[in-house]
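# Chain and residue survey
Each chain is listed here by its residues.
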Amino acid sequence: MGKEKVIPIFAIIIIAISIFSSIYVYATHVDKDTITIGDLEYTIDELFALVDEKAIETVEGEKTGISLEDLISKVGIGCPSCHEYTIKAADGYEQTVEWDILQTGILADIGRVFFPDTPKKFWVGDIIEIEVI
Amino acid sequence: MNDRMKLLAGVLVFGSMWGFSEVIIGSQMHDMGLPSGAIMSGFFALTFLVVSRMTFKQPGMQLGMGLVAGGLRMFNPFMGCHLCSAIAIAAEAMIFEITWYKISSDTDYFKKPYMQASLGVVTAYVIFIGGYVITQILTPIAAGANFYAQNLIVFMPKILASGLLPAIAGGIVLPILVLSKKMDLTLKDRLYYPVTLGISATCWLLVLGNFFIA
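Cut-offs applied
- Residues numbered from 1 in each chain as written.
- Chains lettered and ligands numbered in written order.
- Predicted model: local features only at pLDDT ≥ 70, side-chain atom pairs only at ≥ 80, totals over all residues.
- Helix = DSSP H or I, 4+ residues; strand = E, 2+ residues; numbered from the N terminus.
- Buried ≥ 20, exposed ≤ 12 C-beta atoms within 10 Å, placed from the backbone.
- Contact = placed C-beta atoms within 7 Å.
- Rg over C-alpha atoms; globule rule 2.2 N^0.38 Å.
- Domains from an automatic or database assignment.
- Nonpolar A, V, L, I, M, F, W, Y, C, P; charged D, E, K, R; others polar.
- Pairing = 2+ DSSP bridges.
- Axes fitted to C-alpha atoms, helices over the stretch in contact; angles between N-to-C directions.
- Expected span 1.5 Å × (residues − 1).
- Bend = angle between axes of the 7 residues up to and from the residue.
- Parallel < 35°, antiparallel > 145°, perpendicular 65-115°, else oblique.
- Left-handed = near helix turned anticlockwise from the far one by under 90°.
- Core = buried A, V, L, I, M, F, W, Y, C linked by C-beta atoms within 7 Å.

### Notes on the overall build of chain B
- Across its full length, chain B holds eight helices and zero strands.
- Counting from the amino terminus, helix and strand elements in chain B follow one another as α-α-α-α-α-α-α-α.
- Each of the 214 residues in chain B was classed as buried or not, and the buried ones make up 48%.
- In chain B, the share of contacts with a sequence separation of at least 24, taken over all contacts with a separation of at least 6, comes to 83%.

In structure tokens:
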């Protein structure tokens, strides 16, 4: 088969893959107002009532929220430094971080985590779960 | 005129314009809530990569452009992820080099509009997805954190879906670039260095100026 056929077929396959992926992403998008930590569900308001707010300095300036270090302690996770934490977003995005990174971060009231010393890639937004591994 | 010097000036000017567009235009689009990464890859990156390749027909040049643009991107004062954007730009240039290794010397690819559009779709999608995936892998490593393959695997459907916009843009942009190439836009030799170096310097000064003002 010559390139006159191969390239257009590749293009059609690519368009088909991206359309089916879009449908899949839309169909599997999780809509919920709570954040799962461990086995329990919390609303943002409940979490903010549990932990005092603090500010951290990031590459995008000052961000305010509740300390993830205090949060993990308050929700009853034993030996926090023994675990890793996968922060999951509603759209399927997730980042796994170790305790030494997590403890530096905050959870803002917009449902997004911020860390002072990491690339923005780790700032997961629209959080639905913090899985303790 | 020394061909090597001319090529070097070409790397500098195209790389600077690419980096400038990423920093200034990309950041503005990001602030407006537009899918800046997809638009930058499908329109700006593809334009600079394809025009430079069709003009100079020199494999390897686009990797140099990626390094210049990535370097400029590191000075971006507007968006926090300097590192991942710079990695993405360099990765896009490298993937373009691989994808287009033999294409620029084969005119068959540019004869028919459907071939141009198909090539635009494939190129834009591959550089965008490839850049995205490589960034996801290298950014945590470069930042001193661990890379977890599971994080990438579960997010692949979203990454593949996000390539739709650049793919469509590529299918439109590449035929336009081929059409515009038919116009004679070459510079006279005596103007080549002043123009290319002037544009490059302007791009760098504007980005650095923004860095110190912000």
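### What to know about the overall build of chain A
- Across its full length, chain A carries four helices and nine strands.
- Mapped in sequence order, the helices and strands of chain A form the string α-β-β-α-β-β-α-β-β-α-β-β-β.
- Over its C-alpha atoms chain A spans a radius of gyration of 19 Å, topping by over 25% the 14 Å that the globule rule assigns to 133 residues.
- By principal-axis analysis of the C-alpha atoms, chain A measures approximately 65 × 30 × 25 Å.
- Among the 133 residues that make up chain A, the fraction classed as buried is 29%.
- Looking at chain A alone, contacts between residues at least 24 apart form 57% of all its contacts between residues at least 6 apart.

### Topic: the domain arrangement of chain A
Residue and element names in this part refer to chain A.
- Per the domain assignment, the segments of chain A are domain 1 (1–30) and domain 2 (34–132).
- Taking only C-alpha atoms, the centre of domain 1 and the centre of domain 2 are 35 Å apart.
- Considering only residue class, the side of domain 1 that touches domain 2 consists of two nonpolar, two polar and no charged.

### Re the sheet that holds strand β6 (residues 94–98) of chain A
Residues and elements named next belong to chain A.
- Overall, mixed pairing links the five strands, which are arranged β2-β1-β9-β5-β6 in an open sheet. Each having just a single partner strand, β2 (40–43) and β6 make up the two edges of the open sheet. Ignoring which end each strand starts from, the neighbouring axes of this sheet average 20° apart.
- Note that strand β5 (residues 84–89) and β6 share five bridges and pair antiparallel. Across the sheet, residue Glu84 finds its bridge partner in β6, namely Glu98.

### Examining helix α2 (residues 36–56) of chain B
Residue and element names in this part refer to chain B.
- The terminal C-alpha atoms of α2, which comprises 21 residues, lie 28 Å apart, in line with the 30 Å expected from a rise of 1.5 Å per residue.
- Where α2 bends most, at Leu46, the angle is about 35°.
- Backbone geometry just downstream of α2 places Lys57 in the positive-phi region, at approximately 50°.

### Looking at the packing of α2(B) against helix α7 (residues 164–181) of chain B
Residue and element names in this part refer to chain B.
- Remark: α2 packs on α7, axes separated minimally by 9 Å, with the N-to-C direction vectors making an angle of 30°. If you check the angle between α2 and α7, you find them roughly parallel. The hand of the α2/α7 crossing is right-handed. Contacts between α2 and α7 involve Ala38, Ser41, Gly42, Phe43, Leu46, Thr47, Val50, Val51 and Met54 on the former and, on the latter, Leu165, Pro166, Ala169, Gly170, Val173, Leu174, Leu177 and Lys181.
- Taken together, the residues that form the contact of α2 with α7 break down as 12 nonpolar, four polar and one charged.

### A closer look at the interface of chain B and chain A
- Contact residues are listed per partner, giving 27 residues for chain B and 31 residues for chain A.
- For the side of chain B that touches chain A, the elements supplying multiple residues, two or more each, are α4 (82–99), α5 (113–142), α6 (149–162) and α7 of chain B.
- For the side of chain B that touches chain A, the element with the highest residue contribution is α5(B), accounting for eight residues.
- A class-by-class count of the residues in the side of chain B that touches chain A yields 19 nonpolar, six polar and two charged.

### So, the nonpolar core
- Ranked by size, the top nonpolar core spans 61 residues in total, and within it B:Met65 and B:Tyr125 carry the most contacts.
- It is α5(B) that provides the largest number of residues to this core, a total of 12 residues.
- Ignoring any residue separated from it by four or fewer positions in sequence, one finds B:Met65 in contact with B:Val11, B:Phe14, B:Gly15, B:Trp18, B:Phe48, B:Ser52 and B:Ala93.
- If you look at the next biggest cluster of nonpolar residues, it comprises 26 residues, including A:Ile72, A:Tyr85, A:Leu107 and B:Ala145.

### Describing the pairing of β6(A)
- Extensive coverage of β6(A) is indicated by the burial of four of its five residues.
- Taking the residues that link successive antiparallel strands as the turn, the β5(A)-β6(A) hairpin has four residues, and the phi of A:Gly92 there is positive, at about 100°.

### Some points on the sheet that holds strand β7 (residues 106–107) of chain A
All names here are of chain A.
- Taken in spatial order, the four strands line up as β3-β4-β7-β8 in an open sheet, and their pairing is antiparallel. Taken across any chain shown, the strands that pair with only one partner, and hence form the sheet edges, are β3 (53–58) and β8 (113–114).
- Bridge count between β3 and strand β4 (residues 61–67): six bridges; the pairing is antiparallel. Each bridged residue has a counterpart across the sheet, and for Ala55 the counterpart in β4 is Thr64.

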